[in-house]
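A closer look at the structure
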Amino acid sequence: MHHGHVLFSEVVETSAALAATRSRLAKVAALAELVRRMSTPAVVSFLIGVPSQGRIGAGYRTVFDIAPPPAEQPGLTVVEVDEALGGYASIAGKGAVQRRAAALTDLFGRATAAEQDFLRRLLTGELRQGALEGVMVDAIARAAEVPVEVVRRAYMLSGSLPATAVAAREGESALAAFRLEVGRPVRPMLASPAESLPEALAELGACVVEHKLDGARIQVHRSGEQVHIFTRNLREITGTVPELVELVCGLPCESVVLDGETLALTDDGKPRPFQETMSRFGALLGAEGDTRSLLLSPFFFDCLHLDGVDLLDEPLRERLAALRKAAGDHVIPGVVEPDEERAAAVLDAALAAGHEGVMVKSLESVYAAGRRGRAWQKVKPVHTLDLVVLGVEWGSGRRKGLLSNLHLGARDPEGGPPVMVGKTFKGLTDELLAWQTRELLSIATDRGDWVVTVRPELVIEIELDGVQVSPRYPGGVALRFARVLRYRPDKDPAEADTIDAVRALLPKGGTPTPP
Ligand SMILES: Nc1ncnc2c1ncn2[C@@H]1O[C@H](COP(=O)(O)OP(=O)(O)OP(=O)(O)O)[C@@H](O)[C@H]1O
């Protein structure tokens, strides 16, 4: 055993073993084995498919152009690879391109063929496996012999699995020391779909019914004059949303953490299309044009900290009181403890205003960061699925030269590749067609004359009438009357809907052919 020096090849082998098994227990055991022996948190980073430095700016092109003859025998340790990547990331200034290429060539030359392949996928982001996060939490608990709940909470508050693993090895008290820190984002609490509004009300008892606005999630941290704003994925966007920073600076408090939704409104106060809000959030939908002149409005619905007091573990009732104190005018519309009739009126009003539906939240619930539980339930009349784009067909006629008919996949809950469930070219505007043609070509893995296959990275929200049994697709189900609602650049493929969720929409009595 290489105590303290996990070999890079062991990470590569474990990663392959994870992909090859569907057994969660086997995955946990394999991960725990390496976590137990790790001498650097980079072991955890590599296993979840990210360099410990985060994105280090090696393009797809670069990593495939650099292909020195592989080493015969594995010899690299995880520490060595981590240091080499850190060195690569820090190269800047004159001759950086050549020096970076030389650094990668050196690293790749010391790697076996399997290790080179792993490095390429690590550097292009292809290995990133959000689906493994839950398994890794279990593995860290197992390796350190501490309760999984304590590990999960530490992860929610730190947002970092490598940091959580390091603390876990120091013991339970190191894990318990993670606190909500103003300036450091926590993973947002999520909602489950409700059967219906009356059922949600009955299940939750004392609750608040709020508009469910169709914008982008934001988490705002302010300490004095210091403001940080994060997306749903905990990406910091402070620099791109000056109007929100200014507004938050003006709130009547010293320090605060707020959770909310932001969107651009039309002059008469109706929501603008989701694409327009997203485009303000950078890259994805081509921020060119006059989108910068669209001002974003925030609508806050939760308060996790106010003036030195942490509120994560307080019931929503208390957090709402703090929210009203801190953000008065910018609180999302909603009604506390409505009767059934009043709640129905809130839903009607939300839909009439052009919003998605309502959220029903238990007033007794704590803020369960990162969890999708029953304490928050969403009620929306239109059925949608978040699916992964797997490929796309070239259009014909008016759409000649454009990538049009999308191939859609549902997530395999066991972490395998997405399962194709249908196609659609409906609902695409001219702008979206032009955008997706550019974007999909840039992530193409195979450019056929008919179908372009892409890396499964983009999540798209699809509206549908239902699903049906279909022997033509590998999951045994196909979407019926699918149409594009919008791309979801704020979601990772790991958060797409699963094949099980798709099958759950089958009419009762329909049995899909097993895959
Ligand atoms: N009043 C509200 N309270 C909480 N979340 C809200 C509210 N209004 C809008 N939202 C948005 O709804 C999302 C919660 O729904 P959900 O947990 O299903 O996330 P999601 O998977 O992005 O959902 P969907 O695909 O339905 O938008 C939040 O992430 C937030 O962006």
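Thresholds applied
Counting from 1, residues in each chain are numbered in the order their sequence is written. Note on the predicted model: pLDDT of at least 70 is required for a residue's local features to be given, and 80 or more for side-chain atom pairs to be given and counted; whole-chain, interface and lining totals, by contrast, use all residues. Working from all heavy atoms in the structure, the side-chain values ignore hydrogens and water. Per the convention used, a helix needs a DSSP run of H or I reaching at least four residues, while a strand needs a run of E reaching at least two, with both numbered from the N terminus. Whenever a nitrogen or oxygen atom comes within 3.5 Å of another N or O atom, the pair is scored as a polar contact, on the condition that within protein one atom can donate a hydrogen and the other can accept it, and that pairs from neighbouring residues in sequence are kept only if both atoms are in side chains. Contacts were defined at the residue level, with two residues in contact if any of their heavy atoms lie within 4.5 Å. We define a salt bridge as a side-chain nitrogen of Lys or Arg found within 4 Å of a carboxyl oxygen belonging to Asp or Glu. For every residue, the accessible area obtained with a 1.4 Å probe (protein chains only) is divided by the maximum for its type, and the residue is called buried under 20%, exposed over 50%, and partly exposed between those limits. Per-residue confidence from the predictor is reported as pLDDT, which spans 0 to 100. We call a residue near a molecule or strand when any one of its heavy atoms sits within 4 Å of it. Working definition of accessibility: Shrake-Rupley area with a 1.4 Å probe, residue cover restricted to the visible protein chains. All residues other than Ala, Val, Leu, Ile, Met, Phe, Trp, Tyr, Cys, Pro, Asp, Glu, Lys and Arg, Gly among them, are scored as polar; the first ten of these are nonpolar and the last four charged. Throughout the structure description, domain borders are defined by an automatic or database domain assignment.

Considerations on the side chain of H221
Here H221 shows up in strand β3 (residues 216-223). A distance of 2.8 Å separates polar atoms of two side chains, one belonging to H221 and the other to Q219. With residues near it in sequence (within four places) discarded, H221 still touches E181, V182, G183, R184, P185, Q226, V227, H228, F230, V256 and V257.

Topic: the pattern of salt bridges
The tally for this structure, following the rule as stated, stands at 32 salt bridges. Where R187 meets E133, a salt bridge forms, and the shortest distance between an N and an O atom there is 3.4 Å. Taken together, the residues R187 in the loop between α11 (172-176) and β1 (190-193) and E133 in helix α8 (residues 133-144) connect sequence positions 54 residues apart. The partly exposed category is assigned to R187, whose relative accessible area is 21%. In this structure, D490 engages R488 in a salt bridge whose closest nitrogen and oxygen atoms are separated by 3.0 Å. Comparing D490 with R488 shows no difference in burial state: the two are buried. Where salt bridges share partners, they join D214, E461, R486, R488 and D490 into one cluster.

Digging into the confidence of the model for the protein chain
Detailed reading of predicted coordinates is not advised where the pLDDT is low. Averaged over all residues, the pLDDT of the protein chain equals 90, while 95% of them reach at least 70. Scored below 50 in pLDDT, residues 283-290 shows 12 contacts in the model against residues more than four places distant or in partner chains.

Side note on the site of the ligand
Residues in close proximity to the ligand total 20 residues, the closest being A191, E261, K378, K380 and K491. Separating a nitrogen atom of the ligand from a side-chain N or O atom of E210 is a distance of 2.9 Å. K491 has a polar side-chain atom sitting 2.6 Å from an oxygen atom of the ligand. Protein chains bury 96% of the 600 Å² of accessible surface belonging to the ligand in isolation. Listed by contribution, the elements that provide at least two residues to the shell around the ligand are β1, β2 (207-212), β9 (357-362) and β10 (372-379). For the shell around the ligand, the residue count by class is 7 nonpolar, 1 polar and 12 charged. For the shell around the ligand, the two domains that each supply at least three residues are domain 2 (190-379) and domain 3 (384-503).

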